[in-house]
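Residues per chain, in single letters:
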Amino acid sequence: MTATTAPRSPSIKALSTRQVSALKVLLFVVALVPAGRLVLAFFQDALGANPIEAITHATGDWTLRFLLITLAVTPLRKLTGWHWLIRLRRMLGLFAFFYAVLHFGTYIVLDQFFDWRAVVLDVLKRPYITVGFAAFVLLVPLAVTSTNAMVRRLGGRRWQALHRSVYGIAILGVVHYWWLVKADVFAPLIYALILAVLLGLRAWWREQERQRQRSAPPPQAKGQGRIIPILPR
Ligand code: HEM
């Protein structure tokens, strides 16, 4: 008699390749919604009294949100066991870059009208612009090296070391926002708290791993310096 294999119940913990691909398509469409809404509002003349400001604010918000969502992938994966989440991370990071390009582009094209002298002066003189600019510049190499070919070319360790700069970029993003609001720091404070939790969890897990490695006996030392009884006494 042949053993029949019971059909596996679908589990959110173990999505198939097809399910993850479908999820990626859905994520792609959803991530484009904020940009689509801006384009729509632009053509409907519904961006308010100051359309440039509205676009700058919306694209800045979504850059920071996608940065934080990207940083939330690893903690979420660890806490839930949904390992497929990692396969969405690259797209989320690239959407952070996409919104950063729109944000920076709005500033260069619509706000400064390609006046490079004014841009340089702004970057040098206004601390929140300096910090935002630094965050943007640091994002570029991460976007450029996001392909599988670049991971292979750099090697896993170097690639990981480079991509750890995303923690600093997110901090710069929050500082940029905090610095530009004049009085009401509520929104940047919320972003700062979320970022603190995401980075804090990582630091805590790293410390736990370090302690576990410290307390584990080195493999070659197993049994050394101990009398192992061969015969029962
Ligand atoms: C990763 C990079 C960046 C992030 C995460 C970011 C994020 C933000 C956020 C969250 C806001 C506030 C949105 C709101 O009020 O709702 C903002 C505003 C702004 N950002 Fe950025 N930004 C970045 C890069 C830049 C760069 C490179 C520039 C220009 C060089 C820039 C210029 C501005 C300006 C001019 C504002 C509006 C300031 C105001 O209303 O007074 N940002 N950004």
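Values in this document were obtained by computation on a predicted structure and should not be read as measured data.

Residues F66, L67, A96, Y99, A100 and L139 are the most contacted members of the largest nonpolar core, which totals 30 residues. Of all the secondary-structure elements, those providing two or more residues to this core are α2 (51-80), α3 (86-111), α5 (127-144), α8 (165-180) and α9 (186-215). By residue number, the principal contributor to this core is α3, which donates 9 residues. Not counting the four nearest positions on each side in its chain, F66 is found in contact with L92, F95, A96 and Y99.

In the vicinity of the ligand lie 22 residues, with G60, G132, A135, F136 and G173 positioned nearest. Among the secondary structure elements, those contributing two or more residues to the shell around the ligand are α2, α3, α5 and α8. Here the shell around the ligand is composed, by residue class, of 12 nonpolar, 8 polar and 2 charged.

Confidence in the prediction of the protein chain, expressed as mean pLDDT, is 92, and 89% of residues score 70 or more. Counting interchain partners and residues more than four positions distant, the pLDDT-below-50 stretch residues 227-233 has 1 contact.

Here we take up α3. The end-to-end C-alpha distance of α3, which contains 26 residues, comes to 37 Å, matching closely the 38 Å that a straight helix rising 1.5 Å per residue would cover. Those residues of α3 that sit buried are L92, G93, F95, A96, F97, Y99, A100, L102, H103, F104, T106 and Y107. Looking one or two residues past α3, F113 carries a phi angle of roughly 50°, positive in sign.

Right, let's get into the packing of α2 against α8. Running from N to C, α2 and α8 point in directions that differ by 145°, and their axes come no closer than 10 Å. As α2 packs across α8, the resulting crossing turns out to be left-handed. Residues T63, L64, L67, L68 and L71 of α2 form the contact with α8, whose participating residues are V166, I169, A170, G173 and Y177. Split into classes, the residues belonging to the contact of α2 with α8 amount to 8 nonpolar, 2 polar and no charged.

This paragraph deals with the packing of α2 against α3. The geometry of α2 relative to α3 is characterised by a closest axis approach of 8 Å and an angle of 160° between their N-to-C directions. In terms of orientation, α2 lies roughly antiparallel with respect to α3. In the crossing of α2 with α3, the sense of the turn from one axis to the other is left-handed. In terms of residue class, the contact of α2 with α3 is made up of 17 nonpolar, 8 polar and 3 charged.

Cut-offs used in this document
Residues numbered from 1 in each chain as written. Predicted model: local features only at pLDDT ≥ 70, side-chain atom pairs only at ≥ 80, totals over all residues. Core = buried A, V, L, I, M, F, W, Y, C linked by C-beta atoms within 7 Å. Buried ≥ 20, exposed ≤ 12 C-beta atoms within 10 Å, placed from the backbone. Helix = DSSP H or I, 4+ residues; strand = E, 2+ residues; numbered from the N terminus. Contact = placed C-beta atoms within 7 Å. Near = placed C-beta within 6 Å. Nonpolar A, V, L, I, M, F, W, Y, C, P; charged D, E, K, R; others polar. pLDDT = per-residue confidence, 0-100. Expected span 1.5 Å × (residues − 1). Axes fitted to C-alpha atoms, helices over the stretch in contact; angles between N-to-C directions. Left-handed = near helix turned anticlockwise from the far one by under 90°. Parallel < 35°, antiparallel > 145°, perpendicular 65-115°, else oblique.

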